[in-house]
Amino acid sequence: MQTRAAVIREPKGQFTVETVDLTEPADDQILVRVVAAGMCHTDLSIRDQLYPAPLPMVLGHEGAGVVEKVGRNVRKVVPGDHVVLTFYSCGLCANCLAGQPLSCLNAFGLNFGGRTPDGQCTIHSHGQEIGCSFFGQSSFAGYALSYERNTIKVPKDVPLDILGPLGCGIQTGAGSVLNALDPPAGSTIAIFGAGAVGLSAVMGAVVANCTTIICVDIKENRLALARELGATHVINGAQCNPVEEIQKITGGLGVPYMLETTGNPKVLEGAVFSLGMGGVGGIVGAPAMGTTVSVDVNFMLFNRTLRGIIEGDSNSDVFIPRLIELYKQGRFPFDKLIKFYSLDQINQAAADSEAGGTLKPVLRMA
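These notes cover the structure that comes with them. Keep in mind it's a predicted model, so treat the numbers as computed, not measured.

What counts and what doesn't
- Residues numbered from 1 in each chain as written.
- Predicted model: local features only at pLDDT ≥ 70, side-chain atom pairs only at ≥ 80, totals over all residues.
- Heavy atoms only, no water.
- Salt bridge = Lys/Arg side-chain N within 4 Å of Asp/Glu carboxyl O.
- Helix = DSSP H or I, 4+ residues; strand = E, 2+ residues; numbered from the N terminus.
- Buried < 20%, exposed > 50% of the residue type's maximum accessible area, 1.4 Å probe, protein only.
- 1 Å grid on protein atoms, 1.4 Å probe; cavity = no way out; pocket = protein on both sides within 12 Å on 5 of 7 lines; lining within 4 Å.
- Points joined across faces, edges and corners; volume = space filled by probe spheres on them.
- Nonpolar A, V, L, I, M, F, W, Y, C, P; charged D, E, K, R; others polar.
- Axes fitted to C-alpha atoms, helices over the stretch in contact; angles between N-to-C directions.
- Parallel < 35°, antiparallel > 145°, perpendicular 65-115°, else oblique.
- Left-handed = near helix turned anticlockwise from the far one by under 90°.
- Contact = heavy atoms within 4.5 Å.
- Pairing = 2+ DSSP bridges.
- Arc of directions from axis to C-beta.
- Core = buried A, V, L, I, M, F, W, Y, C linked by side-chain atoms within 4.5 Å.
- Expected span 1.5 Å × (residues − 1).

Another point: the pattern of salt bridges. Oppositely charged side chains can pair when the atoms bearing their charge come close. Evaluated as defined, the whole model comprises 18 salt bridges. With a shortest N-O distance of 3.2 Å, glutamate 245 and lysine 248 are connected by a salt bridge. Pair noted here: glutamate 245 and lysine 248 are both in helix α7 (residues 242–249), with a separation of three residues, about one helical turn. Classification of glutamate 245 as partly exposed rests on a relative accessible area of 24%. With relative accessibility at 60%, the residue lysine 248 sits in the exposed group. Between glutamate 269 and lysine 266 there is a salt bridge, and its shortest N-O distance comes to 3.7 Å.

Counted according to the given criterion, the structure contains one cavity of 30 Å³ or more. Its volume calculated, the largest cavity comes out at about 90 Å³. Forming the walls of the largest cavity are 17 residues, and the residues nearest its centre are Leu22, Thr122, Ile123, Gln137 and Leu145. Listed by contribution, the elements that provide at least two residues to the lining of the largest cavity are β1 (2–8), β2 (15–22) and β9 (143–147). Per element, the largest residue contribution to the lining of the largest cavity is four residues, and it comes from β9. The residue makeup of the lining of the largest cavity, split by class, is ten nonpolar, seven polar and no charged.

Before going further, it helps to spend a moment on the packing of helix α5 (residues 196–207) against helix α6 (residues 220–229). Orientation of α5 relative to α6, taken along the N-to-C sense of each, is 20°, at an axis distance of 9 Å. As far as their axial angle goes, α6 and α5 are roughly parallel. In the crossing of α5 with α6, the sense of the turn from one axis to the other is right-handed. Of the residues in α6, those touching α5 at Leu199, Val202, Met203 and Val206 are Arg222, Leu225, Ala226 and Leu229. Each residue belonging to the contact of α5 with α6 can be placed in one class, and the counts come to seven nonpolar, no polar and one charged.

Glancing now at the sheet that holds strand β8 (residues 128–130). The pairing of strands in a sheet comes from backbone hydrogen bonds and takes either a parallel or an antiparallel form. One open sheet accounts for five strands, arranged β4-β1-β2-β7-β8; its pairing is antiparallel. With one partner strand each, in any of the chains shown, β4 (57–58) and β8 form the two edges of the open sheet. Across three bridges, the pairing between strand β7 (residues 123–125) and β8 is antiparallel. Looking at the pairing, serine 125 lines up with glutamine 128 of β8.

A separate point is helix α11 (residues 346–355). An α-helix turns once per 3.6 residues; consequently, residues spaced three or four apart project the same way. Every buried residue of α11 is listed here: Ile346, Ala349, Ala350 and Asp352. In an axial view of α11, the angular spread of the buried residues amounts to 165°, which keeps them on one side of the axis. Those residues of α11 that are buried are in contact with β1, β2, α1 (41–47), β17 (338–342) and β18 (360–364). Note on α11: the residue one or two positions beyond its end, glycine 356, has a positive phi of about 90°.

When a protein is soluble and globular, its nonpolar side chains tend to lie buried together. Residues Leu163, Ile189, Phe334 and Leu337 are the most contacted members of the largest nonpolar core, which totals 49 residues. For this core, the secondary structure elements donating two or more residues are β5 (63–70), α4 (169–181), β11 (188–192), α5, β12 (212–217), α6, β14 (255–260) and α10 (316–328). With seven residues, α5 is the single largest residue contributor to this core. If sequence neighbours within four positions are ignored, leucine 163 has contacts with Ala64, Val84, Val154, Val158, Ile324 and Phe334. Formed by 44 residues, the second largest nonpolar core is a distinct cluster that contains Ala6, Val58, Val67 and Leu85.

With that out of the way, let us pick up the environment of serine 187. Relative to the assigned elements, serine 187 resides in the loop between α4 and β11. On the basis of relative accessibility, which here comes to 9%, the residue serine 187 falls in the buried class. Sequence separation of serine 187 and alanine 208 is 21 residues, and the distance between their C-alpha atoms is 9.0 Å.

Moving on, we come to the layout of surface pockets. Its volume calculated, the second largest pocket comes out at about 320 Å³. For the second largest pocket, the lining is made up of 21 residues, of which Phe87, Pro101, Leu102, Ser314 and Asn315 are closest to its centre. Within the residue set of the lining of the second largest pocket, elements represented by two or more residues are β16 (305–308) and α10. When the residues that make up the lining of the second largest pocket are grouped by side-chain class, the tally is six nonpolar, nine polar and six charged.

Right, let's get into α5. The first and last C-alpha atoms of α5 sit 16 Å apart over twelve residues, in line with the 16 Å expected at 1.5 Å per residue. Among the twelve residues in α5, ten count as buried, and that is most of the element. Of all the residues in α5, the buried ones are Ala196, Gly198, Leu199, Ser200, Ala201, Val202, Met203, Gly204, Ala205 and Val207. A positive phi of about 65° marks asparagine 209, the residue just after α5.

Have a look at this one:
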């Protein structure tokens, strides 16, 4: 079948919206009519080749849509179901079998390799193979092929066009707090970066009943929104030393929980020093491959922990519906992060996101 898709052909190039050929779903695949797809930092990292992935490719890994067809081995969803698409894992490696799909040993190839698990190409343009199955979906298109492991059935009483970012960015921010760091009620947390991931973490901290929620950024509009979403303190890192300010707020103790979302190694180096003794810090910001930071070993030695977090440590089948229910109750207003664009406006959406004016671009396919 034919569908419109945004193709990135050259490193650091522009997306081109083209008509491509998409294969029919295989036995283990699900054909989804994409209603909307969020744009994430990872899409732009692949565009700029900060992560190795073959080009040309159809990106997009925050799809939301309606199931059109299913392969004969699919039991999880049926045509007509509303779904959110998320990250892909193999389900067969030692970590997946141990219930740790976020540590899937085959995750990089499955999500970034540009082919299906059995090495097939499902997208073609004028006979040319186009990289497909990005995060098991390639949802910058009118239709996408996904799998049971990364297709999440969602309620039909919430607009589909806002739900795509739950598959990655918003799940990552909220889940990093609620699942990975898991602060007890009444605790203190510092969140570095007030983009879509950081602000989702702020909302997650509110849900967790943290009583001191510190958000650090350099853009006043983002800090204002952080306050609106529940941050008790905001710090403009361009105007002061954030670590010194956090020390003042905490009476010199530092924070028991910290999350770094910017992907800026210098921000991370500073953020580590906001941790109090026994504190736990999480990293979700993803810079270019090979990026390193300097860490004071003796500072860390005093029972401080720094850990990486993938996709908010989430069981998406459970966590995404929970976030939707929180949204319906008015307790997780993630729609405040979203600005809509048409698929033809994809390059403008990318530019607005990189300039900081748009927190979470969402591309509507129709």
